[in-house]
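Residue-level listing of the chains:
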Amino acid sequence: MEKSKKNKVICPHCKGNGFVRVPYHLAREEVVVQCGVCDSQGEINADEVDNIIIGGGMAYTFAKAQGGTVGNSLIEPDFIDTASLILKKDKDKNVTILIPIDSMAADNFSNDANTQTCLTNNIPEGYMGLDIGSKAIAANVTCILNSKTILWNGPMGVFEMESFQKGTKEIA
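The notes below deal with the structure included here.

The rules behind each value
Residues numbered from 1 in each chain as written. Predicted model: local features only at pLDDT ≥ 70, side-chain atom pairs only at ≥ 80, totals over all residues. Heavy atoms only, no water. Pairing = 2+ DSSP bridges. Helix = DSSP H or I, 4+ residues; strand = E, 2+ residues; numbered from the N terminus. Axes fitted to C-alpha atoms, helices over the stretch in contact; angles between N-to-C directions. Contact = heavy atoms within 4.5 Å. Parallel < 35°, antiparallel > 145°, perpendicular 65-115°, else oblique. Nonpolar A, V, L, I, M, F, W, Y, C, P; charged D, E, K, R; others polar. Buried < 20%, exposed > 50% of the residue type's maximum accessible area, 1.4 Å probe, protein only.

Moving on: the sheet that holds strand β8 (residues 115-119). Spatial ordering of the open sheet is given by β8-β7-β10, a layout of three strands whose pairing is antiparallel. Two strands lie at the open edges of the sheet, namely β8 and β10 (128-132), each paired on one side alone. Averaged over all pairs of adjacent strands, the angle between strand axes in this sheet comes to 40°, irrespective of strand direction. In this sheet, β8 lies alongside strand β7 (residues 102-106) in antiparallel orientation, the contact comprising five bridges. By the bridge assignment, A105 is partnered in β8 with Q116. Along the sheet, helix α3 (residues 134-145) makes contact with β7 and β10, crossing β10 at roughly 40°.

Structure, rendered in structure tokens:
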């Protein structure tokens with residue numbers, strides 16, 4: 001594991017394409033996991049974490065699994081049932097899964113797109129979630145500040161575009 005600023009730990013195992021199994025020696029230390037677009041081969045082992053922050057493209061698959069409307073946001077249709085199962089299983093184990101409350105949505109995958117902040121589970125048709133909103137930032141920061149160990153993988157939005165960097169920069 002590579003240490004970064006603010007005592008966060010960067011996980012080399014997941015690399016943005018799935019979930020990561022939390023190492024045994026970190027078990028039950030209020031671990032927070034955030035990953036990019038998920039991989040159907042991946043898993044979240046709720047026995048080893050207290051909090052999970054979902055961000056990036058994966059957030060919209062989870063929002064859809066909860067019955068939300070996500071407009072044109074990136075989702076993985078083949079993973080919706082698995083996301084539903086993870087949400088139920090982790091709720092039964094008292095694991096807090098933070099799916100962004102709000103998102104910065106855009107009408108185009110472009111830095112110059114028209115944007116609006118909306119609830120992550122109510123993104124209008126023709127718009128796609130490209131970053132987390134201010135309420136999600138606040139919830140994530142609170143969770144992170146109260147966590148002992150953090151495994152981090154992937155940005156909260158399309159941080160390569162200046163218009164959609166705020167979520168990643170605010171919580172990093």
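Here the narrative resumes, following the displayed structure.
Next up on the list: the packing of helix α1 (residues 58-65) against helix α2 (residues 80-92). Contact pair α1 / α2: the axes reach a minimum separation of 8 Å and the direction vectors enclose 75°. For the element pair α1 / α2, the angle class is roughly perpendicular. Counted together, T61, F62, K64 and A65 of α1 and I80, A83, S84, I86 and L87 of α2 form the full contact between these two elements. For the contact of α1 with α2, the per-class residue count stands at six nonpolar, two polar and one charged.

Turning our attention to the environment of L87. Along the chain, the position of L87 falls in helix α2. The class of L87 is buried, set by a relative accessible area of 16%. The contacts of L87, once residues within four sequence positions are left out, are F62, A65, Q66, I97 and I99.

Shape descriptors only; they carry no functional weight alone.
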